[in-house]
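So you can see what is in the structure, the chains are spelled out below.
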Amino acid sequence: IYMLRTAVEMNYDAIPLEIYPAFDIKVSLLQYHGKHSFRAFSILLQRMGYNRTQIDMSKDIRAFWRSSFLIRTPVMQNLTNWIVDAMHIVDNDTFVKGWFQRDAVYFSGDPIVAFQVFGTPYYQMHPFIFERLPAFYLSMAEKTTHFYNRSVPMVEQMPENRTAEE
């Protein structure tokens, strides 16, 4: 409920429903999916037109998981278009595709499921990188997109004369 209150109070365009404070995009990729994961993430973003400075900012962007977030419709439409562009690059750029087909070092995964989905006995990078892309996109979006990040405190009470339904 604090996340919803914060979204209303701060008039956010997007707010994740699940945040782990210690897990920034870069750190979480490297820690949980091996040394090649952040390289694959970076290569994709470079192909999408981001520069090294912008990509390195991912160390300061809090990741959120399972694509669980609230988002205004126009912002979701822009995010969806951006994700489709990313999917197109991964599917059609053989260099990027090669990086995404590497082992994501997902020990919780079932090799049978991995084989069914990826055709390999290991999980590939796709789900783990794409899971982090919305947080990156929203953090890099134009200044008119307001997105919850680590520097904003949670709102514990609704302000007077406002409700969560507004």
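Cut-off values and rules
Residues numbered from 1 in each chain as written. Predicted model: local features only at pLDDT ≥ 70, side-chain atom pairs only at ≥ 80, totals over all residues. Heavy atoms only, no water. Core = buried A, V, L, I, M, F, W, Y, C linked by side-chain atoms within 4.5 Å. Buried < 20%, exposed > 50% of the residue type's maximum accessible area, 1.4 Å probe, protein only. Helix = DSSP H or I, 4+ residues; strand = E, 2+ residues; numbered from the N terminus. Expected span 1.5 Å × (residues − 1). Arc of directions from axis to C-beta. Contact = heavy atoms within 4.5 Å. Salt bridge = Lys/Arg side-chain N within 4 Å of Asp/Glu carboxyl O. Axes fitted to C-alpha atoms, helices over the stretch in contact; angles between N-to-C directions. Parallel < 35°, antiparallel > 145°, perpendicular 65-115°, else oblique.

**Q** Where do I start with the nonpolar core in this structure?
**A** Side chains that are nonpolar tend, in soluble globular proteins, to be buried together. Judged by nonpolar contacts, the single largest core of 40 residues is most densely connected at W82 and L133. Elements with a contribution of two residues or more to this core: α2 (25–33), α3 (35–47), β3 (62–64), α5 (73–92), α6 (94–100) and α8 (126–140). Sort the elements by how many residues they give to this core and α8 lands first, with nine residues.

**Q** Is there a simple way to think about α5 in this case?
**A** Count 3.6 residues to each turn of an α-helix, and residues three or four apart come out pointing the same way. In a regular helix each residue adds 1.5 Å, so 20 residues correspond to 28 Å; α5 covers 28 Å between its end C-alpha atoms and thus fits that length. Buried within α5 we find V75, L79, W82, I83, A86, I89 and V90. Along the axis of α5, the buried positions cluster into a sector of 110 degrees, meaning they face one direction only. Across α5 from its buried face, at more than 90 degrees, point the exposed residues T73, H88 and N92. Those residues of α5 that are buried are in contact with α3, β4 (69–71), α6 and α8.

**Q** Before we go on, may I ask you to explain α2 in this structure?
**A** For α2, the complete set of buried residues consists of I25, S28, L29 and H33. Buried residues of α2 fall within an arc of 100 degrees about the axis and therefore sit on the same side.

**Q** Looking at this structure, how should I read the pattern of salt bridges?
**A** Side-chain pairs of opposite charge can arise whenever the charged atoms involved come near each other. Considering all chains together, one arrives at five salt bridges under this definition. Taking the shortest distance from any N to any O, the salt bridge between D93 and R47 comes out at 2.6 Å. Here R47 lies in helix α3 and D93 lies in the loop between α5 and α6, a separation of 46 residues in the sequence. A residue is classified by how much of its surface remains accessible, and R47, at 41% relative accessible area, is partly exposed. The closest approach of N and O atoms between E131 and R132, which form a salt bridge, is 3.4 Å. Residue E131 is classed as buried on the basis of its relative accessible area, which comes to 16%.

**Q** Quick question: what am I supposed to make of the packing of α2 against α3 here?
**A** Think of two packed helices as two axes; the pair is described by the angle between the axes and how far apart they sit. As a packed pair, α2 and α3 sit with axes 6 Å apart at the nearest point and diverge in direction by 140 degrees. In this view, α2 runs oblique relative to α3, as classed from their interaxial angle. Packed against α2, whose contacting residues are I25, K26, L29, L30 and H33, the element α3 presents K35, S37, F38 and F41 at the interface.

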